[in-house]
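# Geometric and topological summary
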Amino acid sequence: MTDAHETAADRPLRTTGGAPPDDAGSSASQAPIPLLEPREGIPPVIADADALAEVTAAFAAGSGPVAVDAERASGYRYGQRAYLVQLRRAGAGSALIDPVACPDLSGLGAAIADAEWVLHAATQDLPCLREIGMVPTRIFDTELAGRLAGFPRVGLGAMVENVLGFVLEKGHSAVDWSTRPLPEPWLRYAALDVELLVDLRDALEKELDRQGKLEWARQEFDAIASAPPAEPRKDPWRRTSGMHKVRRRRQLAVVRELWQARDRIAQRRDVSPGKVLGDAAIVEAALALPPDAHALAALNGFGRVNRRQLEQWQLSVDRARALSESQLPQPGQPVTGPPPPRAWADKDPAAAARLTAARAAVTALAERLSMPQENLITPDTVRRVCWEPPATVDAESVGAALAGHGARPWQVEQVTPVLVAALSREAA
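Residues numbered from 1 in each chain as written. Predicted model: local features only at pLDDT ≥ 70, side-chain atom pairs only at ≥ 80, totals over all residues. Heavy atoms only, no water.

## A few points about the overall build of the protein chain
- Each helix and strand in the protein chain was counted, giving 19 helices and eight strands.
- The dimensions of the protein chain, computed from C-alpha atoms along their principal axes, are 70 × 65 × 40 Å.
- Long-range contacts, defined here as pairs at least 24 residues apart, represent 67% of the contacts in the protein chain between residues at least 6 apart.
- When the accessible surface of the protein chain is totalled, it reaches about 20,700 Å², and 51% of it is carbon and sulfur. (Helix = DSSP H or I, 4+ residues; strand = E, 2+ residues; numbered from the N terminus. Contact = heavy atoms within 4.5 Å. Areas by Shrake-Rupley, 256 points an atom, 1.4 Å probe, with all protein chains shown as cover.)

Next comes the structure, spelled out in structure tokens:
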């Protein structure tokens, strides 16, 4: 084992590079060590049932937490499926699995289901892992742990460097992971992503415990692990970049028709929708409402499109132009909950004053606790409580309101006193 493979257990928690200060005032003075190779070398890519069975048995027999990561091909392929899964566990080493060749990893997921899974930014990877049968019961999210602990930079590379003192290889995070075979440098990068993830977890657990936030983190991790799959987004076409320029209902219909046509083509070709037609081109066509393919070809984003494709896009525009008034989309989505805060001063000045006071109180508390305000309590929760506060403002009623909107017990405990004070002050 080289110096670059020294584990975090043998090195003190670093407090340089913007990490939370150590109460004892200690800090690491040694320069970060480049981590160039996985300690057992780059593992072979698992791409058949027999090899997968061996890895499953090895990880089932391993001990302790399991480091888990997944690579997607965002920007290249349709959807968010996993194209490589990386794991590491004591006693089993590291594994790289091709989920295209092995699309059902439910057996592996079941073999490690009782272990704690260590992920970085878990909410990004859990949906694609769920698709291939890997669903954890317990997790430790090192990115979220870093946020709760007050680290200003919580990317994996920054965390590994600032906490453990190692520099991870960079440069392959945005490559096309659907490429086959995967180049060796990419596989090295992927294996190194899980090389120190459990070490990072152990160090962050100690730091959270030192700050008195470990139970808070556990509640957050439990909430992520137990959350159901996200519901399909309603009217996803409304998230087209540049939609703020589109104001007329007929123009909105053009965006909808072009977005849906693009999505069908992208799904059929298995490519990113942006590679089929850019958002800017969709908005341009909506604003111009071109009467024919010749006029469409003159717009930005359509000039290099071949004749057949141009006619397909024009058909979408024509469908929108032919819709009756009753078939046109409404300017905005139906709003559930409070209106946008910018409208509060006109709709309900008292509620606007409550929100201003509450925001200031929550921001000050987040600063005292050294964590981002959105991790202390979601802005939407604060808005909902301020728009419709309890009839009687006290700790019990405000705490119940926060819990009713999904706040975890630690959040209720921390936020309730400052919200009671802010709401009471404005009520008076």
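## Focus: the environment of V135
- Within the secondary structure layout, V135 lies in the loop between α3 (122-131) and β7 (138-141).
- Along the chain, V135 and P389 lie 254 residues apart, while their C-alpha atoms are 38 Å from each other.
- Sequence-distant contacts of V135, that is, excluding residues within four places in its chain, are made with W117 and R130.

## Some thoughts on the pattern of salt bridges
- The full count for this structure, using the stated rule, is 23 salt bridges.
- Notably, a salt bridge pairs E195 with R39, separated by 2.7 Å at the nearest N-O pair. A residue pair is termed long-range when its members are at least 10 positions apart, and E195 in helix α6 (residues 184-195) and R39 in the loop between β1 (33-34) and β2 (45-46) qualify at 156 residues.
- Its relative accessible area of 3% is what places E195 among the buried residues.
- Residue classification places R39 among the partly exposed positions, given a relative accessible area of 24%.
- Note that E116 is salt-bridged to R201, the shortest N-O span being 2.6 Å. Of this pair, E116 sits in strand β6 (residues 116-119) while R201 is found in helix α7 (residues 197-211), placing the two residues 85 residues apart along the sequence.
- Each of R39, E40, R88, E195 and D199 takes part in one network of salt bridges that share partners. (Salt bridge = Lys/Arg side-chain N within 4 Å of Asp/Glu carboxyl O. Buried < 20%, exposed > 50% of the residue type's maximum accessible area, 1.4 Å probe, protein only.)

## Here's the deal with the side chain of D193
- Of note, D193 is situated in helix α6.
- It is R72 that comes nearest to the buried, bridge-free D193 among opposite-charge side chains, at 10 Å. (Lys, Arg positive; Asp, Glu negative; His and termini not counted.)

## Looking at the packing of helix α9 (residues 249-269) against helix α13 (residues 307-322)
- Where α9 meets α13, the closest approach of the two axes is 8 Å, and the angle between their N-to-C directions is 140°. When the interaxial angle is binned, α9 and α13 end up oblique. Once α9 is placed against α13, the crossing between them reads as right-handed. Contacts from R250, A253, V254, E257, L258, A261, R262, R264, I265 and R269 of α9 reach α13 at Q309, Q312, W313, S316, V317, R319, A320, R321 and A322. (Axes fitted to C-alpha atoms, helices over the stretch in contact; angles between N-to-C directions. Parallel < 35°, antiparallel > 145°, perpendicular 65-115°, else oblique. Left-handed = near helix turned anticlockwise from the far one by under 90°.)

## Quick word on the pairing of strand β4 (residues 82-90)
- Burial runs high along β4: eight of the nine residues are buried.
- Bridge count for strand β3 (residues 63-72) against β4 is eight bridges, and the pairing is antiparallel. Along β4, the bridge assignment pairs R72 with A82.
- Inspection of the sheet shows β4 paired to strand β5 (residues 93-97) by five bridges, in the antiparallel sense. Bridged to R88 within β5 is S94.
- The hairpin turn running from β4 into β5, its antiparallel successor, is two residues long, and G91 in that turn takes a positive phi close to 90°. (Pairing = 2+ DSSP bridges.)

## Section: the environment of R307
- Within the secondary structure layout, R307 lies in helix α13.
- It is 47 Å that separates the C-alpha atoms of R307 and G157, two residues lying 150 residues apart in sequence.

## Side note on helix α18 (residues 395-404)
- Along α18, the residues classified as buried are S397, V398, G399 and L402.
- Where α18 begins, one side-chain oxygen reaches toward the backbone nitrogen of E396, 3.2 Å away; that side chain belongs to D394.
- Following α18 by one or two positions, G406 adopts a phi angle in the positive range, close to 100°. (Polar contact = N/O pair within 3.5 Å; in protein donor to acceptor, adjacent residues only side chain to side chain.)

## A short note on the packing of α9 against helix α11 (residues 279-288)
- Viewed as axis vectors pointing N to C, α9 and α11 meet at an angle of 145°, and their least axial separation amounts to 8 Å. As for the relative orientation of α9 and α11, their crossing is right-handed in sense. Here Q251, V254, V255, L258, W259 and R262 of α9 lie close against α11, whose contacting residues are D279, I282, A285, A286 and L287.
- In terms of residue class, the contact of α9 with α11 is built from eight nonpolar, one polar and two charged. (Nonpolar A, V, L, I, M, F, W, Y, C, P; charged D, E, K, R; others polar.)

## Some remarks on the pairing of β6
- The alternating pattern of β6 places E116 and V118 on one face and W117 and L119 on the opposite face, and all of these are buried.
- Pairing analysis gives two bridges linking β3 to β6, with the strands arranged parallel. Looking across to β6, one finds that V66 is bridged to W117.
- When β6 meets β7, the two strands line up parallel, connected through four bridges. If you follow W117 over to β7, its bridge partner there is I139.
- Tracing the backbone out of β6, into α3 and back to the parallel element β7 gives a crossover that is right-handed. (Right-handed = clockwise from strand over helix to strand, strands pointing away.)

## A word on the sheet that holds β4
- Ordered in space as β2-β5-β4-β3-β6-β7, the six strands form an open sheet in which the pairing is mixed. Taken across any chain shown, the strands that pair with only one partner, and hence form the sheet edges, are β2 and β7.
- Most of the contacts of helix α1 (residues 49-61) go to β5, to which it runs at about 145°, and overall it touches β2, β3, β4 and β5.
- Contacts from helix α4 (residues 142-149) reach β6 and β7 within the one sheet, and its direction differs from that of β7 by about 55°.

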